[in-house]
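Residue strings, one per chain:
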Amino acid sequence: DYWAPETIHYDELVLRPIADPTAMVNAIRAGEINAGNLLSNDVVPEVEAAGWDLHTQELDWVGLTLVDRDGSMGTPLSDVRVRQAINMALDNAAVLNAYGAGYGTVTTQVFNTSSPAFDAALDELYPYDIEAAQALMAEAGYADGFTLQMPSVSALGEAVFAIIADSLADINITVEYTEVAIASFFDEILAPNYPAYFMILEQSA
């Protein structure tokens, strides 16, 4: 009884949840599904080699989310200079390459270009500048850095978490990761159990 039956092209639609990224790729290669949403761009060559067509679009925002802005979790993230330093120390191009296999656009805001909230000027606020980031850390009284607890999710790829840790090490911030199952990731961050985390936000609207 759909109001526009002429727009429906299938007699039956079966949605099959596949939480594991490897299982998704295996199902694609085996022809067990007709369409699938890839969690990682790292598998693009494998899927193309299996004879599948890929339809790509810039959909999600990924990046480092700093949530302990009031310092209630005991971190120096309450100091805006520390947060600014982290933004300037993070190698966003390397993060994009590691997580998105080069697909996508480097940005420092969660709004995509089609959103009325997008502001091109925001992408110029925090250029990649280790020296400036180190100066901000020193100005805030954290020249020797501190330790930052963060969750990691192996399903999202290990490389991106290594790049974040390496980037922050340049301003003497030591990242200590705790591996979290992807199924419990949102419970962990909403608890909240971590002052910062690598996050994915859907930007389909």
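Bear in mind that the values here come from a model prediction, so they are computed numbers and not experimental data.

S.K.: Sorry, what's going on with the packing of helix α3 (residues 80-89) against helix α5 (residues 130-139) here?
M.R.: Across the interface, α3 lies against α5 with an axial gap of 8 Å and an inter-helix angle of 165°. Compared by their axis directions, α3 and α5 come out roughly antiparallel. Helix-helix and strand crossings are classified by hand; for α3 and α5 the assignment is left-handed. Packed against α3, whose contacting residues are R81, V82, Q84, A85, M88 and A89, the element α5 presents I130, A132, A133, L136, M137 and E139 at the interface. Taken together, the residues of the contact of α3 with α5 break down into 9 nonpolar, 1 polar and 2 charged.

S.K.: Is there a simple way to explain the nonpolar core in this structure?
M.R.: Where a protein is soluble and globular, its nonpolar side chains tend to be buried together. Counting residues in each nonpolar core, the largest one holds 39 residues, and the members touching the most others are I86 and I164. Sorting elements by how many residues they give to this core places helix α6 (residues 158-169) first, with 6 residues. Excluding residues that lie within four positions of it along the chain, I164 makes contacts with L64, L90, V95, M150, Y177 and F198.

S.K.: Sorry if this is basic, but what is going on with the pairing of strand β2 (residues 146-152) here?
M.R.: Each regular strand shows side chains that alternate between the opposite faces of the sheet. In terms of residue burial, β2 counts as a mostly covered element, since 5 of its 7 residues are buried. Sheet topology places β2 next to strand β3 (residues 173-179); 7 bridges connect them, and they run parallel. Residue M150 lies in a different strand from β3, and its bridge partner there is Y177. What joins β2 to β3 is α6, and the crossover it makes is right-handed.

S.K.: Sorry, what's going on with the packing of helix α4 (residues 92-100) against α6 here?
M.R.: Helix packing for two helices is described by the angle between their axes and how far apart those axes are. Packing of α4 against α6 leaves a shortest axis separation of 8 Å and a crossing angle of 165°. Classified by the interaxial angle, the pair formed by α4 and α6 is roughly antiparallel. Relative to α6, the crossing made by α4 is left-handed. In contact with A94, V95, A98 and Y99 of α4, α6 contributes A159, V160, I163 and I164. Its residues placed into classes, the contact of α4 with α6 shows 8 nonpolar, no polar and no charged.

Criteria and cut-off values
Residues numbered from 1 in each chain as written. Predicted model: local features only at pLDDT ≥ 70, side-chain atom pairs only at ≥ 80, totals over all residues. Heavy atoms only, no water. Axes fitted to C-alpha atoms, helices over the stretch in contact; angles between N-to-C directions. Helix = DSSP H or I, 4+ residues; strand = E, 2+ residues; numbered from the N terminus. Parallel < 35°, antiparallel > 145°, perpendicular 65-115°, else oblique. Left-handed = near helix turned anticlockwise from the far one by under 90°. Contact = heavy atoms within 4.5 Å. Nonpolar A, V, L, I, M, F, W, Y, C, P; charged D, E, K, R; others polar. Core = buried A, V, L, I, M, F, W, Y, C linked by side-chain atoms within 4.5 Å. Buried < 20%, exposed > 50% of the residue type's maximum accessible area, 1.4 Å probe, protein only. Pairing = 2+ DSSP bridges. Right-handed = clockwise from strand over helix to strand, strands pointing away.

Geometric descriptors of this kind do not, in isolation, establish any biological role.
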